[in-house]
Amino acid sequence: MNDEILLEAKKVGMEFGGLKAVDGFDLQLRRGELVGLIGPNGAGKTTCFNCLTGVYKPTSGEVIIRGVNIRGLKTYEVSRLGMTRTFQNIRLFKELSVLDNVIVAGLQHARQTVMDDVLRHPRHYVEEARMRERALELLRIFKLDIKSDQPSSSLPYGEQRRLEIVRALATEPRIILLDEPAAGMNDKETEDLMHLIAQIRRDFRLTVLLIEHDMRLVMGICERIVVLDHGCIISQGTPANIKSDPAVIAAYLGVDEKSAEVT
Amino acid sequence: MTDQRARGLFYRSLPSPFLATVALVLVGLIIENSTNAYTQDVVLWIFTNIILAVSLNLVSGFTGQFSLGHAGFMAVGAYLSAWCSLRPEFQALPDPLRFTLLPAIGGLGAAAAGYIVGLPSLRLRGDYLAIVTLGFGEIIRVTLLNTEAVGGARGLNRIPATEGWLEIGLSPYLAQFSIASFWTVLTITALWRIVHSQKGRIFLSVREDEIAAEAMGVNVTQAKVRAFVISAFFAGVGGSLFAHSVKYLSPATFSFTKSVDIIIMIVLGGMGSFTGSVIAAIFITLIPEFVLRPVQEITKVDLRMVIYSLILILFMIMRPAGLLGTREWNDFAWVKRLQLILSRLLNREAKDDSSNTPSPSEVS
Ligand SMILES: Nc1ncnc2c1ncn2[C@@H]1O[C@H](COP(=O)(O)OP(=O)(O)O)[C@@H](O)[C@H]1O
Ligand SMILES: [Mg+2]
């Protein structure tokens, strides 16, 4: 049961007018895994996410999520299969409060109808209270509950990133894709975040695919890492194997010397 | 929350719309007895304009979809309602009831139009959507222009209006005023409650970021169609009230300029503020009639459009987000303080004071 494959990408390719941003991308995510997807900037990591979540229609290959081929599905339908994501360039609902950002994500599980809302039927009040409580509970885990009434755009950068994760969790996903959740954070914040990710993965029994371009960050928490360069998988395996793979070192050396100093 | 407490809140939410309608009818009684027929007519137009403005605000201000076709939905409601009122089958219903129900028919017709326009065009965004809605408004106008059953270019004449209920002392004007009040309160209450509920947040999320909303499981296309249908319904209601208060319809009334008039109201009032739309609709109805017209009579030059445009330009320079931005009446600190004092006086918890318009933070 533990090897159940929740997400499978088969030879996924994505071209933008001749540029192969992703080429022959294969991936199998098993239940409960925490896999890192790393690679230098421009390697095609975000494009992979967009293909997996239905934002882009891949130009070739298949994506199967919990047994369903997502070809032809809309993004929201893919999300309702139990897979959700965060964005590298933060995409919160800026003018909505922190709380409302989270509530919106849980609405697919709401039980009242528009008519209940208009008539202010008792069901409306019960559901309002239930969703509010649930959202606050999630916010509490990420220590954002004290800011629940502020507009989300007023949060500092690091908290906006955390809020994106809370919002994603509110959809009650089985699989969560995190796109550079630590971007722009300092070392301390990053380390806290990585622990938090490991913790929610346990508590919510999630399967996590984590993008990070700085590979030191993911070494500690991922049990498996996939390395992407120029749209192709150049290496995959345990952190220890990745660290010493010459192809990986070369890819990182070619782009960014600092990130390569992991060995 | 316990079921009992939820039921309590439900009962408490019931009276306010009725009280608001009754209060408005009392205002109507005063207006009937203290002003001339012309002023009385202008006051009726205020209701129509409020309904048109708040309903457009749902689509443009709250859902973020720029629509240039609101007058088209209004036209559908106006013509359908007028046409029905002229049919003999309709005379069977007693008078005040008939004219209370006609706006619903106009609204349903307009909602159907909203659905038809909505489905294919809502995959479009921004400028493209604006052009499609603009085209829709023109199609409606040209269709009416060429439909002899509703008078074609000559227009539709002698549209009946309620004759009141003289047995209980309800004059024709007061009856009309009451029907308009009823529908205005209903429109504002329904739209307010939709937007100020967790589900209504879907519209806002679409406005804020469509891609993120989709990724969170929001069916964005469906949300947009819903916003258009609800908005069109109330535009049709407004059109119906308009038809039976001016008693004459011409396709020219529902030109592109009418849509722009409504857009001006929501922009001036603040996109995303119902309160702003109501205030702007009131002023924009009154100013041309009671300020600009007298000015014209004194100066003998028609400066109305010039002054009007100048006011608009100045306003947009000084308050680009409109009068209230996205704030509502109960977002102001002094209102909150007043509410608190009132609820203390009434010896209730402040939190329980959720009338028909609870603020989001009070919905607990
Ligand atoms: N929508 C797009 N249109 C054209 N090119 C794109 C688009 N999205 C990404 N690319 C290109 O694909 C490549 C991979 O980008 P991306 O997936 O964002 O990389 P990463 O997330 O690994 O930094 C880049 O060369 C980028 O310019
Ligand atoms: Mg990226």
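Residues numbered from 1 in each chain as written. Chains lettered and ligands numbered in written order. Predicted model: local features only at pLDDT ≥ 70, side-chain atom pairs only at ≥ 80, totals over all residues. Heavy atoms only, no water.

Q: Can you help me understand unusual backbone geometry in this one?
A: In most cases, non-glycine residues show a negative phi, while peptide bonds are predominantly trans. Residue and element names in this part refer to chain A. Positive phi values are uncommon outside glycine, yet Arg-120 reaches one of about 50 degrees. Relative to the elements of secondary structure, Arg-120 occurs in the loop between helix 4 (114-119) and helix 5 (122-141). According to the relative accessible area criterion, Arg-120 is buried, its value standing at 0%. Here the phi dihedral of Lys-143 falls at roughly 55 degrees; this positive angle occurs in a residue that is not glycine. On the secondary structure map, Lys-143 appears in the loop between helix 5 and helix 6 (157-170). In this structure Lys-143 comes out as exposed when scored by relative accessible area, which is 64%. (Helix = DSSP H or I, 4+ residues; strand = E, 2+ residues; numbered from the N terminus. Buried < 20%, exposed > 50% of the residue type's maximum accessible area, 1.4 Å probe, protein only.)

Q: Can you help me understand the site of ligand 1 in this one?
A: All names here are of chain A. Close to ligand 1 lie Phe-16, Leu-19, Ala-21, Asn-41, Gly-42, Ala-43, Gly-44, Lys-45, Thr-46, Thr-47 and Tyr-56. At 2.8 Å from an oxygen atom of ligand 1 is found a main-chain nitrogen or oxygen belonging to Gly-42. Take Ala-43: an N or O atom from its main chain is 3.2 Å from an oxygen atom of ligand 1. When ligand 1 sits alone it has 560 Å² of accessible area, and the protein chains cover 62% of it. (Near = heavy atom within 4 Å. Polar contact = N/O pair within 3.5 Å; in protein donor to acceptor, adjacent residues only side chain to side chain. Areas by Shrake-Rupley, 256 points an atom, 1.4 Å probe, with all protein chains shown as cover.)

Q: Teacher, can you tell me more about the packing of aromatic side chains here?
A: Evaluation of the coordinates by the stated rule reveals 12 aromatic pairs over all chains. A ring pair is formed by Phe-16 of chain A and Tyr-56 of chain A, whose centres lie 5.4 Å apart and whose planes are at 80 degrees; its orientation type is edge-to-face. Residue Phe-16 of chain A is located in strand 1 (residues 5-16), and its partner Tyr-56 of chain A is located in the loop between helix 1 (45-52) and strand 4 (60-65); the two are separated by 40 residues in the primary sequence. Phe-16 of chain A sits in the partly exposed class, given a relative accessible area of 33%. Given a relative accessible area of 29%, Tyr-56 of chain A falls into the partly exposed group. Taking the centre distance of 5.0 Å and the plane angle of 85 degrees together, the rings of Phe-233 of chain B and Phe-234 of chain B count as edge-to-face. With a relative accessible area of 6%, Phe-234 of chain B lands in the buried category. In this structure an aromatic cluster arises from ring pairing among Phe-47, Tyr-173 and Phe-177 of chain B. A cation over an aromatic ring shows up here: Arg-91 of chain A above the ring of Phe-87 of chain A, its NZ or CZ 5.7 Å from the ring centre. (Phe/Tyr/Trp six-rings, centres within 6.5 Å; stacked < 30°, edge-to-face > 60°. Lys NZ or Arg CZ within 6 Å of the ring centre and 35° of its normal.)

Q: Would you take a moment to explain the confidence of the model for chain A for this structure?
A: Detailed reading of the predicted coordinates is not advisable wherever pLDDT is low. Summing up the model confidence of chain A, the mean pLDDT is 89 and the portion of residues at 70 or higher is 95%. Confidence drops under pLDDT 50 across residues 256-263 of chain A; counting only partners more than four residues distant or on other chains, this segment forms 11 contacts. (pLDDT = per-residue confidence, 0-100. Contact = heavy atoms within 4.5 Å.)

Q: Would you take a moment to explain the nonpolar core for this structure?
A: Side chains that are nonpolar tend, in soluble globular proteins, to be buried together. Of all hydrophobic cores here, the largest spans 140 residues; its most connected members are Leu-139, Leu-163, Ile-197 and Leu-210 of chain A together with Phe-73 and Leu-249 of chain B. With 14 residues, the single largest contributor to this core is helix 10 (residues 220-246) of chain B. Counting 28 residues, the second largest nonpolar core, distinct from the first, contains Phe-25, Leu-29, Cys-48 and Val-226 of chain A. (Core = buried A, V, L, I, M, F, W, Y, C linked by side-chain atoms within 4.5 Å.)

Q: Would you mind showing me how to read the packing of helix 4 (residues 70-86) of chain B against helix 10 of chain B here?
A: In a pair of packed helices, the angle between the axes and the distance between the axes together describe the arrangement. Residues and elements named next belong to chain B. Taken N-terminus to C-terminus, the directions of helix 4 and helix 10 make an angle of 50 degrees; their axes are 6 Å apart at the nearest point. Classified by the interaxial angle, the pair formed by helix 4 and helix 10 is oblique. The two elements helix 4 and helix 10 cross, and the hand of that crossing is right-handed. Of the residues in helix 10, those touching helix 4 at His-70, Phe-73, Met-74, Gly-77, Ala-78, Ser-81, Ala-82 and Ser-85 are Phe-228, Ser-231, Ala-232, Ala-235, Gly-236, Gly-239, Ser-240, Phe-242, Ala-243 and His-244. Classifying every residue of the contact of helix 4 with helix 10 by side-chain character gives 9 nonpolar, 9 polar and no charged. (Axes fitted to C-alpha atoms, helices over the stretch in contact; angles between N-to-C directions. Parallel < 35°, antiparallel > 145°, perpendicular 65-115°, else oblique. Left-handed = near helix turned anticlockwise from the far one by under 90°. Nonpolar A, V, L, I, M, F, W, Y, C, P; charged D, E, K, R; others polar.)

Q: Please clarify how the interface of chain A and chain B should be interpreted in this entry.
A: Listed per partner, the contact involves 39 residues of chain A and 38 residues of chain B. Roughly 3500 Å² is buried in total at the junction of chain A and chain B, and carbon and sulfur atoms are behind 64% of that figure. For the chain A face of the interface with chain B, the top three residues by lost area are Tyr-76, Arg-120 and Tyr-125 of chain A, together amounting to 20%. Seen at the junction of chain A and chain B, the total is 3 salt bridges. Of the charged contacts in the structure, one is a salt bridge between Glu-95 of chain A and Arg-207 of chain B, with a shortest N-O distance of 3.8 Å. In this assembly, chain A and chain B are joined by 15 residue pairs in polar contact (both at pLDDT 80 or more). Looking at the side of chain A that touches chain B, the elements with two or more residues in it are helix 2 (75-80), strand 6 (83-85), helix 3 (98-106), helix 4, helix 5 and helix 6 of chain A. The greatest single-element share of the side of chain A that touches chain B, amounting to 8 residues, is contributed by helix 5 of chain A. (Buried area = accessible area lost by both parts, 1.4 Å probe. Salt bridge = Lys/Arg side-chain N within 4 Å of Asp/Glu carboxyl O.)

Q: Hey, could you run me through the pattern of salt bridges in this one?
A: Pairs can form between side chains of opposite charge whenever their charged atoms are close. All names here are of chain A. If you walk through the whole model with that rule in mind, you get 22 salt bridges over all chains. Where Asp-116 meets Arg-123, a salt bridge forms, and the shortest distance between an N and an O atom there is 2.9 Å. Among the residues examined, Asp-116 registers a relative accessible area of 6% and is labelled buried. A relative accessible area of 41% means that Arg-123 is categorised as partly exposed. Salt-bridge contacts for Glu-172 lead to Arg-134; the nearest nitrogen and oxygen are separated by 3.1 Å.

Q: In this structure, what is going on with a nonpolar patch on the surface? I would like to understand it.
A: A cluster of nonpolar side chains, Val-301, Leu-303, Val-306 and Leu-310 of chain B, forms an exposed patch at the surface whose accessible area comes to about 320 Å². Tracing the chain through its elements places Val-301 of chain B in the loop between helix 12 (274-299) and helix 13 (304-318). (Patch = residues over 30% accessible without salt bridge, like charges linked within 9 Å, V, L, I, M, F, W, Y side chains within 5 Å.)

Q: What's the story with the state of the cysteines in this structure? I'm lost.
A: Between two cysteines, a covalent bond joining their sulfur atoms is known as a disulfide. All names here are of chain A. Under the criterion given, the structure shown has 0 disulfides over all chains. Not part of a disulfide, Cys-48 finds its nearest cysteine sulfur in Cys-51, a span of 6.5 Å. Taking the relative accessible area as the measure of exposure, Cys-48 reaches 1% and is therefore buried. This cysteine, Cys-232, is not joined by any disulfide, and Cys-48 carries the nearest cysteine sulfur, 10 Å off. (Disulfide = S-S within 2.5 Å.)

Q: Please clarify how the coordination of the magnesium ion (ligand 2) should be interpreted in this entry.
A: Octahedral metals with six donors have ideal donor angles of 90 or 180 degrees. Tetrahedral metals with four donors have an ideal donor angle of 109.5 degrees. Only Thr-46 of chain A (OG1) and Gln-88 of chain A (OE1) from the protein reach the magnesium ion (ligand 2) as donors, at distances of 2.0 to 2.1 Å. With Thr-46 of chain A in helix 1 and Gln-88 of chain A in the loop between strand 6 and helix 3, the pair connects residues that are 42 residues apart, well separated along the chain. (Donors = N, O, S within 2.8 Å, 3.2 Å for Na, K, Ca; no water.)

Q: Any chance you could explain the domain arrangement of chain A here in plain terms?
A: How big an interface is tends to be reported as the loss of accessible area on association of its parts. All names here are of chain A. Considered domain by domain, chain A is made up of domain 1 (1-82 + 173-263) and domain 2 (92-171). Counting residues at the interface gives 17 residues for domain 1, matched by 12 residues for domain 2. Across the domain 1/domain 2 interface, buried area totals approximately 1200 Å², and carbon plus sulfur atoms make up 75% of it. For the domain 1 face of the interface with domain 2, the top three residues by lost area are Pro-173, Leu-196 and Phe-204, together amounting to 33%. If you look at where domain 1 meets domain 2, you find 0 salt bridges. Residue assignment for the side of domain 1 that touches domain 2 shows that the elements contributing at least two residues are helix 2, strand 7 (175-179) and helix 7 (187-203). Looking at side-chain class alone, the side of domain 1 that touches domain 2 contains 12 nonpolar, 2 polar and 3 charged residues. (Domains from an automatic or database assignment.)

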